[in-house]
Amino acid sequence: MLSASISNDTAFHPSTFILLGIPGMQDQHLWAAIPFCSMYILALVGNGTILYAIVKERALHKPMYLFLCLLSITDLVLCSTTLPKMLTIFWFKSHKISYHGCLTQMFFVHTAFATESAVLLAMAFDRYVAICRPLHYTSILNGMVIGKIGLASVIRGLLFVFPFVILIERLPFCGHHVIPHTYCEHMGIARLACASIKPNTIYGLTVALSVTGMDVVLIATSYGLILRAVLHLPSKDAQFRAFSTCGAHICVILVFYVPAFFSFLTHRFGHRVPPRVHIVLANLYLLLPPVLNPLVYGINTRQIRLRILDFFMGRR
């Protein structure tokens, strides 16, 4: 009787899952780890340097750069939730992950992604206020307001993602426990269940549309208002200067959303796309923003460039 109870409990919630890695490329895992590891190191160094430069340089203690701090912190969380485990799979063949460890990774991956989307929206609002309400910029976006926006971004992510954990917890797992992926994500876990996952699918699409989709709409609205304001400026030179302050943010938006939407569309509609392509894309949209965002802002911001040079030349 006791053994039957243990068997049923194990069938309902397995003790471990197996992360397969990149399907069809298991023989190349050792070599595939090299570019991923290099990108992870670049992300850690780049975002760490951005945080150091902004903390040390008083001229950068402005709303735009405080939001950039939030972005860098989110980027570090985003890549650090997946890359260490992926590298252990590739290098040490450590495919096992505990059930609760898998749910924890899923929770942080989706929360960090939703939070980064909210931070990008906040940065679009920052650009709108700076260009369309320049006289009220510092009064609207003071330190208290920025702190509340950052907290709201995190809380929103937590509130929308926590139901994923509840939806997974209600599912029984009575078949195989192999996830054909390098990390745990909501639908990847749900598809292993031997029960209907319709609520998971509906809620996942709802979150994608109401969180990420709404953020994109609001960002586009902000830039529509910015464009209208800039085109009313009296000179071409003034228009160029106004647009140039948005260049880095627009690049960061494209780096974040284009790979994410491309991965989403190929996952939903690209049924003929090989599984390994899905997995590589899913990893890139979590890794490219943390790698490229520091480069974009480092190149476009003179104070950050100078502070980085001072750091490497020992002038602290």
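Coordinates for the structure precede this section.
Scope of this entry: the structure provided in the associated data block.

Attention shifts here to the environment of Val-255. Take Val-255: it is sitting in helix H11 (residues 247–269). Separated by 35 residues in sequence, Val-255 and Pro-290 place their C-alpha atoms 9.5 Å apart. When sequence neighbours within four positions are dropped, the list of residues in contact with Val-255 reads Leu-288, Pro-289, Leu-292 and Asn-293.

Moving on to the sheet that holds strand S2 (residues 96–98). Read from one edge to the other, the open sheet built from three strands follows the order S2-S1-S3, with strand pairing classed as mixed. The strands lining the two open edges of the sheet, one partner per strand, are S2 and strand S3 (178–179). Pairing analysis gives two bridges linking strand S1 (residues 16–19) to S3, with the strands arranged parallel. By the bridge assignment, Leu-19 is partnered in S3 with Ile-179. Of the strands in this sheet, S1, S2 and S3 are in contact with helix H5 (residues 99–132), which crosses S2 at around 85 degrees.

Below, the discussion takes up unusual backbone geometry. Positive phi, close to 55 degrees, is recorded for Lys-93, a residue that is not glycine. Residue position: Lys-93 is located in the loop between helix H4 (83–92) and S2. Assessed through its relative accessible area of 63%, Lys-93 is described here as exposed.

Running from N to C, helix H2 (residues 29–56) and helix H3 (residues 63–80) point in directions that differ by 155 degrees, and their axes come no closer than 9 Å. On the basis of their axis angle, the class for H2 and H3 is roughly antiparallel. By crossing handedness, the relation of H2 to H3 is classed as left-handed. Seen from H2, the contacting residues are Tyr-40, Ala-43, Leu-44, Asn-47, Ile-50, Leu-51 and Ile-54; seen from H3, they are Tyr-65, Leu-68, Cys-69, Ser-72, Ile-73, Asp-75, Leu-76, Cys-79 and Ser-80. Among the residues forming the contact of H2 with H3, the class breakdown is 12 nonpolar, three polar and one charged.

Glancing now at the state of the cysteines. Counting across every chain of the model gives two disulfides. Between Cys-102 and Cys-184 runs a disulfide, and the two sulfur atoms are separated by 1.9 Å. A torsion of -115 degrees about the S-S bond marks the disulfide between Cys-102 and Cys-184 as left-handed. Of the two residues, Cys-102 is situated in helix H5 and Cys-184 in the loop between S3 and helix H8 (186–190); the sequence distance between them amounts to 82 residues. Like Cys-102, the residue Cys-184 is buried in the burial classification. In this model, Cys-174 is linked to Cys-194 through a disulfide, with the two sulfur atoms separated by 1.8 Å. Residue Cys-174 is located in the loop between helix H7 (143–169) and S3, and its partner Cys-194 is located in the loop between H8 and helix H9 (198–231); the two are separated by 20 residues in the primary sequence. Along the chain, the cysteines engaged in disulfide bonds are linked according to the scheme 1-3, 2-4 when indexed in sequence order. Not engaged in a disulfide, the cysteine Cys-37 finds its nearest cysteine sulfur in Cys-79; these two sulfurs lie 12 Å apart.

Time to look at the pattern of salt bridges. Tallying each qualifying case throughout the model produces three salt bridges. Taking the shortest distance from any N to any O, the salt bridge between Asp-126 and Arg-127 comes out at 2.9 Å. For Asp-126, a relative accessible area of 1% corresponds to the buried category. Look at Arg-127 and you get buried, because its relative accessible area is 7%. With a shortest N-O distance of 2.8 Å, Arg-156 and Asp-215 are connected by a salt bridge. Of this pair, Arg-156 sits in helix H7 while Asp-215 sits in helix H9, and the two are 59 residues apart along the sequence.

Side chains of Leu-30, Trp-31, Ile-34, Trp-91 and Phe-92 sit close together on the surface and give an oily, nonpolar patch of about 610 Å² of accessible area. For the nonpolar patch, the secondary-structure elements that each account for two or more residues are H2 and H4. For the nonpolar patch, the element with the highest residue contribution is H2, accounting for three residues. Looking at where Leu-30 falls in the secondary structure, it is placed in helix H2. Residue Leu-30 is classed as partly exposed on the basis of its relative accessible area, which comes to 48%.

Rules used in this analysis
- Residues numbered from 1 in each chain as written.
- Predicted model: local features only at pLDDT ≥ 70, side-chain atom pairs only at ≥ 80, totals over all residues.
- Heavy atoms only, no water.
- Helix = DSSP H or I, 4+ residues; strand = E, 2+ residues; numbered from the N terminus.
- Contact = heavy atoms within 4.5 Å.
- Pairing = 2+ DSSP bridges.
- Axes fitted to C-alpha atoms, helices over the stretch in contact; angles between N-to-C directions.
- Buried < 20%, exposed > 50% of the residue type's maximum accessible area, 1.4 Å probe, protein only.
- Parallel < 35°, antiparallel > 145°, perpendicular 65-115°, else oblique.
- Left-handed = near helix turned anticlockwise from the far one by under 90°.
- Nonpolar A, V, L, I, M, F, W, Y, C, P; charged D, E, K, R; others polar.
- Disulfide = S-S within 2.5 Å.
- Salt bridge = Lys/Arg side-chain N within 4 Å of Asp/Glu carboxyl O.
- Patch = residues over 30% accessible without salt bridge, like charges linked within 9 Å, V, L, I, M, F, W, Y side chains within 5 Å.
- Areas by Shrake-Rupley, 256 points an atom, 1.4 Å probe, with all protein chains shown as cover.

Such coordinate-based values are descriptive only and should not be taken to indicate function.
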